[in-house]
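Listed below, chain by chain, are the residues.
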Amino acid sequence: MSQFQNVIVKAPATSYVNGLTTSDLGTPDYEKVVAQHHAYVEALKTCGVEVTELPADEQYPDSVFVEDPAVLTKEFAVIANPGADSRNGEKEAIGEALKNFYNKFYHIEAPGYLDGGDVLQADNRFYIGLSERTNEEGARQLKEILEKEGYEADILQLKEFFHLKTGIAYLGNNHLIVAGEFVGHPAFGDYNQIVISKEDEYSANCIRVNDYVLIPAGYPETKRKIEEAGYQTIELDMSEIRKQDGGLSCLSLRF
Ligand code: CIR
């Protein structure tokens, strides 16, 4: 897996506590959100990346989840078309910020909708999940862009997960973390799989950043399995992020 040099994050707005969620874990504590986000940024710095932190945007409670409005490759950026109305406008600020890093852009256009959380890259191949946020037309547009640029892309229908990356992560070296509906899924049969149990499902959303895998705190079995596969881990408290349906991958764009 190639090295990441840059990461974009966005400071949590105080309106974060009013963002979208399907969880019944309660209202996030804003002070804790800020502390957890800060720890996340520090962990990324430990991984050796340059972190660009965009200012908070009160107008968009969910805008801390910067993974959703864009899909990045080494060569170009795709500005997504987020499928939730209250989040769609987040793509403007992300598009502006990415102009500092990219000069080749594509856009997912209506009636196509797509959230970056539904897109997983595994080396030269991308997986695109059809979800509540990503429709067939959005997935089709992204597949066409990726194939034109020399990547491979598979589209798959999600059954239960919120986003594709809610239940899957690629660590490099053919190692794939899978949970829930992705365990035994025919699309992923060729990978060395690290299978996450039902109780630990939340920890399937982790991220490999250079020499480390960032994982949510409180999942000793997941930590053990990832370390046995040969990776160093950094644990992060995600309690307040999880309350708004967020995971580790959602909080950054890595490239
Ligand atoms: C939302 O519903 O859009 C946010 N509360 C959570 C987004 C999480 N993003 C992700 O999984 N990529």
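All figures in this text were calculated on a predicted structure; none of them were measured in a lab.

1. Describing the environment of Asn135
- Mapped onto the elements of the fold, Asn135 is located in the loop between strand E7 (125-130) and helix H3 (136-148).
- Assessed through its relative accessible area of 27%, Asn135 is described here as partly exposed.
- With residues near it in sequence (within four places) discarded, Asn135 still touches Pro111, Gly112, Tyr113 and Leu130.
- Within the local environment of Asn135, its side chain forms a polar contact with the backbone nitrogen of Tyr113, the two atoms lying 2.9 Å apart.

2. Observations regarding the sheet that holds E7
- Read across the open sheet, the three strands follow the order E6-E7-E8; overall the sheet is mixed. Because the sheet does not close on itself, it has two edges, and the strands there are strand E6 (119-122) and strand E8 (152-157). In this sheet, adjacent strand axes meet at a mean angle of 20 degrees when their direction is disregarded.
- With six bridges joining them, E7 and E8 adopt parallel strand pairing. For Ile128, the partnering residue across the bridge sits in E8 and is Ile155.
- On the sheet, H3 packs against E6, E7 and E8 and is oriented at approximately 170 degrees with respect to E7.

3. Some remarks on the pairing of strand E9 (residues 168-172)
- Of all five residues making up E9, five are buried, and the element is well covered by its neighbours.
- Here E9 folds back onto strand E10 (residues 175-179), and the loop between the two strands holds two residues, one of which, Asn173, carries a positive phi near 50 degrees.

4. Some points on the site of the ligand
- Close to the ligand lie 13 residues, the nearest being Leu20, Arg87, His163, Gln244 and Cys250.
- Glu67 places a polar side-chain atom, nitrogen or oxygen, 3.0 Å from a nitrogen atom of the ligand.
- Take Arg87: an N or O atom from its side chain is 2.7 Å from an oxygen atom of the ligand.
- For the ligand, whose accessible area on its own is 340 Å², the fraction buried by protein is 98%.
- When the residues that make up the shell around the ligand are grouped by side-chain class, the tally is four nonpolar, three polar and six charged.

5. Notes on the confidence of the model for the chain
- In the predicted model, the chain carries a mean pLDDT of 98, and 100% of its residues have values of at least 70.
- Note on the complex model: pTM 0.97, ipTM 0.98.

6. Description of the nonpolar core
- Core analysis: the biggest nonpolar cluster contains 53 residues, and Tyr40, Leu44, Ile177, Phe182, Cys206 and Leu214 have the highest contact counts within it.
- Here this core takes five residues from helix H1 (residues 30-46), the largest share from any one element.
- Counting residues in hydrophobic clusters, the runner-up holds 17 residues, among them Val71, Val78, Ile128 and Leu142.

7. Here's the deal with the UniProt feature "active site" (unreviewed entry) in the chain
- Here, UniProt's "active site" (unreviewed entry) annotation points to His163 and Cys250. A compact arrangement is adopted by the annotated residues: their sequence extent is 88 residues, whereas the largest C-alpha distance between any two is 10.0 Å.
- Assignment of secondary structure puts His163 in the loop between E8 and E9.
- Side-chain polar atoms of His163 contact the side chain of Asp115, separated by 2.8 Å.
- Topologically, Cys250 is positioned in the loop between helix H5 (239-242) and strand E15 (253-254).

8. What to know about the environment of Lys223
- Relative to the assigned elements, Lys223 resides in helix H4 (residues 220-228).
- Considered as a pair, Lys223 and Val213 are 10 residues apart in the sequence and their alpha carbons are 9.3 Å apart.
- Not counting the four nearest positions on each side in its chain, Lys223 is found in contact with Ile215, Thr233 and Glu235.

9. Considerations on the packing of aromatic side chains
- By the definition in use, this model includes 13 aromatic pairs.
- Measuring from ring centre to ring centre gives 6.3 Å for Phe76 and Tyr151, while their planes differ by 65 degrees; the resulting arrangement is edge-to-face. Taken together, the positions of Phe76 in the loop between strand E3 (70-72) and strand E4 (77-79) and Tyr151 in the loop between H3 and E8 put the pair 75 residues apart, joining distant regions of the chain.
- Since its relative accessible area comes to 10%, Tyr151 is described here as buried.
- On the numbers, 5.7 Å between centres and 85 degrees between planes, the contact of Phe182 with Phe188 is edge-to-face.
- Each residue in the set Tyr127, Phe161, Tyr170, Phe182, Phe188 and Tyr191 is aromatic and connected to the rest through ring pairs, giving one cluster.

Rules used throughout
- Residues numbered from 1 in each chain as written.
- Predicted model: local features only at pLDDT ≥ 70, side-chain atom pairs only at ≥ 80, totals over all residues.
- Heavy atoms only, no water.
- Helix = DSSP H or I, 4+ residues; strand = E, 2+ residues; numbered from the N terminus.
- Buried < 20%, exposed > 50% of the residue type's maximum accessible area, 1.4 Å probe, protein only.
- Contact = heavy atoms within 4.5 Å.
- Polar contact = N/O pair within 3.5 Å; in protein donor to acceptor, adjacent residues only side chain to side chain.
- Pairing = 2+ DSSP bridges.
- Axes fitted to C-alpha atoms, helices over the stretch in contact; angles between N-to-C directions.
- Near = heavy atom within 4 Å.
- Areas by Shrake-Rupley, 256 points an atom, 1.4 Å probe, with all protein chains shown as cover.
- Nonpolar A, V, L, I, M, F, W, Y, C, P; charged D, E, K, R; others polar.
- pLDDT = per-residue confidence, 0-100.
- Core = buried A, V, L, I, M, F, W, Y, C linked by side-chain atoms within 4.5 Å.
- UniProt positions renumbered as here; feature names shortened; annotations may be inferred.
- Phe/Tyr/Trp six-rings, centres within 6.5 Å; stacked < 30°, edge-to-face > 60°.

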